[in-house]
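Geometric and topological summary
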Amino acid sequence: EEQRLENLIENYNESLDTIWMLLASMLVFFMHAGFSLLEAGSVRFKNTQNILAKNLVVVTLGFLCWYVFGFSFALGAPTASEPNKFMGHNNFVHDGFWDAKSSFRFWFFQGAFCATGGTIVSGAMAERTQLKGFGLYTALMTSFIYPVV
């Protein structure tokens with residue numbers, strides 16, 4: 001009976017942690033909507049569609065690059081025998097994620113911040129870059145610059 005109670009408490013705490021992390025992640029993620037509105041109001045009418053497309057590119061391409069490379073470079077912890085590596089080299093494309101329940105919520109939380117970093121810069125680049133160049137920047141930012149620096 002005591003083991004069952006401990007198991008219930010552990011599952012309850014895991015559920016609360018997940019809810020809290022998802023709530024915090026969604027608050028950060030909704031910053032994209034706010035930045036989109038701010039940037040759309042700050043550019044000329046003819047460029048509104050372009051800036052909204054750039055924000056969509058950040059969310060889609062940014063999270064894809066975070067999934068493939070970014071998370072691994074940022075938080076793919078090296079082994080204990082190699083603690084001073086320049087960047088991580090484990091967990092590419094969610095390798096080993098099913099081992100711990102918390103891995104997915106942590107990935108989404110960190111990815112929301114990574115993509116938001118790209119969205120912040122999109123406002124500074126508004127009306128100055130083409131979509132192709134911004135897509136290249138987003139891929140570089142979310143794959144390498146944000147995770148490593």
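Data block above holds the structure.
Residues numbered from 1 in each chain as written. Predicted model: local features only at pLDDT ≥ 70, side-chain atom pairs only at ≥ 80, totals over all residues. Heavy atoms only, no water.

Looking at the overall build of the protein
Which entries qualify depends on this criterion: Strands here are runs of E lasting at least two residues and helices are runs of H or I lasting at least four, both read from the DSSP assignment and numbered beginning at the N terminus. Put simply, the radius of gyration uses C-alpha atoms, and a globule should come to 2.2 Å times the residue count raised to 0.38. Only protein chains enter the calculation, and the probe is 1.4 Å; a residue is then buried if its accessible area is under 20% of its type maximum, exposed if over 50%, and partly exposed in between. Note on definitions: a residue-residue contact is assigned when non-hydrogen atoms from the two residues lie within 4.5 Å. Accessible areas in this description were obtained via Shrake-Rupley with a 1.4 Å probe; residue shielding takes into account the shown protein chains only.
Looking only at helices and strands, one finds five helices and zero strands in the protein. Shown N-terminal to C-terminal, the secondary structure of the protein runs as helices and strands in the order α-α-α-α-α. Since a compact globule built from 149 residues should have a radius of gyration of about 15 Å, the 19 Å found for the protein marks it as more spread out than a globular shape. Viewed in the frame of its principal axes, the protein has a C-alpha envelope of about 65 × 35 × 20 Å. In the protein, which comprises 149 residues, the share counted as buried stands at 38%. Contacts in the protein between residues far apart in sequence, at least 24 positions, make up 69% of those at least 6 positions apart. In the structure as shown, the protein presents an accessible area of about 9400 Å², 67% of it carried by carbon and sulfur atoms.

What to know about helix 5 (residues 131-148)
Quick reminder of the rule: Between the first and last residue of a helix there are one fewer steps than residues, each counted as 1.5 Å, and that sum is the expected span. Axes are fitted to the seven residues ending at a residue and to the seven starting at it; the angle between these axes is taken as the bend at that residue.
Helix length check: helix 5, at 18 residues, gives a terminal C-alpha distance of 25 Å against a target of 26 Å (1.5 Å per residue), a fit within 8%. Remark: the principal bend of helix 5, roughly 50°, maps to methionine 141. All buried positions along helix 5 are accounted for by Phe134, Gly135, Tyr137, Thr138, Met141, Thr142, Ser143, Pro147 and Val148. In this structure, the buried residues of helix 5 make contact with helix 3 (48-75) and helix 4 (102-124).

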